Amino acid sequence: MLRVEPMPVPTPGPGQLLVAVEAAGVAFNDISTREGLTPGRRPDVLGFDVVGHVEQVGAGVEGIDGVAVGRRVGALAGVGGYATHVVVDARRAAPLPEGLPAEQLDALVLNYLTAWQMFHRVARPAPGRSVLVLGAAGGVGSALCQIARAAGVEVYGTSGPARRARVEANGATWVADAAAVPVPVAATFDPVGGPSLARSRRATQRSGVVVSYGFSFATGAGYGRAGALARTFGALARAKLTPGARVVVHTVERAVDRDPAGFRADLTALVDLLRAGVLRPEVTTLPLDRAADAHRRLENREVDGKLVLLP
């Protein structure tokens, strides 16, 4: 159960920042963490991505550009974002401009960043090729549609029939599922994982790639952590042992940790596209004390685009 409780304001340690939160994103990762499906201990406070202002810096942070006290930043907190203040790793924070809505910027920090990395750094389809986006009405899915169309790539997107208009509004051709794609695509972006990967590979050219970036198949399905992980690793093993498109697992925090400078460059590029009107995040906001309602709505696929909590 999610509930609001008073807690002391944390103090940043070496290499960390204390951020006063303006907006905190809600993601499927938060739901799987709450359900105990992700590795590690269940945290006291959920919340993966935030936008806010730096209030305090820990030792060793002074040499990192753009994260000084008073600066607005976007950060991948990992946990703890559903709060008025959160401590984050300075390497996972990037400067953001003033003057743009915090909830719009927060959509860039996780959803659009994930989509940008998968499209431009992993799949890299050439203009004129086609891709398949599963869950194309969701936060990352809608971001992928917009980014792909801006790059001159044709997009097929799946969703339930009730959300078809949302998929088409982002420039994608709606299909009911992966089996309905008329021709094999150069890349498929799959947030479902597990048994979905085999279907995604069948929809993808043998020379193409399936980018796996989640395991929502396990959410609400009654699996324990061991069962969800076993099905995930089993699907990945079968993909390696059978002919067809290769599967790449993308985890945004690992990509950021490997290349913090690339993370900042990617976020700067996304802000420029937002200002130019090329990217159009659809954001639903709720007060922080309605975090439980936010999780219910996300689990029930009732939200188009990004869901953001405002402290």
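Throughout what follows, the structure given in this document is the object of discussion. Remember, it's a predicted structure, so these values are computed and weren't measured experimentally. (Residues numbered from 1 in each chain as written. Predicted model: local features only at pLDDT ≥ 70, side-chain atom pairs only at ≥ 80, totals over all residues. Heavy atoms only, no water.)

### Describing the overall build of the protein chain
Line of reasoning, step 1. The helix and strand inventory of the protein chain stands at nine helices and 13 strands.
Line of reasoning, step 2. Relative to the compact-globule value of 19 Å for 311 residues, the protein chain shows a C-alpha radius of gyration of 19 Å, a close match.
Line of reasoning, step 3. Its C-alpha atoms put the protein chain at 55 × 45 × 35 Å along the principal axes.
Line of reasoning, step 4. A buried classification covers 53% of the 311 residues belonging to the protein chain.
Line of reasoning, step 5. Within the protein chain, contacts between residues at least 6 apart in sequence are counted, and of these 70% link residues at least 24 apart.
Line of reasoning, step 6. Positive and negative charge centroids in the protein chain, built from 34 and 28 side chains respectively, lie 9 Å apart. (Helix = DSSP H or I, 4+ residues; strand = E, 2+ residues; numbered from the N terminus. Rg over C-alpha atoms; globule rule 2.2 N^0.38 Å. Buried < 20%, exposed > 50% of the residue type's maximum accessible area, 1.4 Å probe, protein only. Contact = heavy atoms within 4.5 Å. Lys, Arg positive; Asp, Glu negative; His and termini not counted. Charge placed at Lys NZ, Arg CZ, Asp CG, Glu CD.)

### Notes on the pairing of strand E12 (residues 283-287)
Line of reasoning, step 1. Here E12 runs beside strand E13 (residues 306-310); their pairing, made up of five bridges, is parallel. Following the sheet pairing, Leu286 is matched in E13 by Leu309.
Line of reasoning, step 2. In this fold, the crossover linking E12 to E13 by way of helix H9 (residues 291-299) has right-handed handedness. (Pairing = 2+ DSSP bridges. Right-handed = clockwise from strand over helix to strand, strands pointing away.)

### Digging into the environment of Pro6
Line of reasoning, step 1. Inspection of the secondary structure assignment puts Pro6 in the segment before strand E1 (16-26).
Line of reasoning, step 2. Linking Pro6 and Ala83, residues 77 residues apart in sequence, is a C-alpha distance of 9.5 Å.

### Overview of the side chain of Thr33
Line of reasoning, step 1. Looking at where Thr33 falls in the secondary structure, it is placed in helix H1 (residues 28-34).
Line of reasoning, step 2. Apart from residues lying up to four places away in sequence, Thr33 is in contact with Thr38, Arg42, Pro43 and Leu46.

### Description of the sheet that holds strand E8 (residues 173-175)
Line of reasoning, step 1. Spatially, six strands are ordered E8-E7-E6-E9-E10-E11 in an open sheet, and the strand pairing comes out parallel. For this open sheet the edge positions go to E8 and strand E11 (246-249), each flanked by a neighbour on one side alone. Looking at each pair of strands side by side, their axes are set apart by 20° on average, direction ignored.
Line of reasoning, step 2. Examined bridge by bridge, strand E10 (residues 204-212) and E11 share four bridges and lie parallel to one another. By the bridge assignment for E11, Val209 is matched with Arg246. (Axes fitted to C-alpha atoms, helices over the stretch in contact; angles between N-to-C directions.)

### Notes on the packing of helix H2 (residues 102-123) against helix H3 (residues 139-150)
Line of reasoning, step 1. In the contact formed by H2 and H3, the axes pass within 8 Å of each other and the chain directions differ by 50°. Considering the angle they form, H2 stands oblique to H3. In terms of crossing hand, the pair formed by H2 and H3 is right-handed. Contact residues: H2 offers Asn111, Tyr112, Thr114, Ala115, Trp116, Met118, Phe119 and His120, while H3 offers Gly139, Val140, Ala143, Leu144, Gln146, Ile147 and Ala148. (Parallel < 35°, antiparallel > 145°, perpendicular 65-115°, else oblique. Left-handed = near helix turned anticlockwise from the far one by under 90°.)

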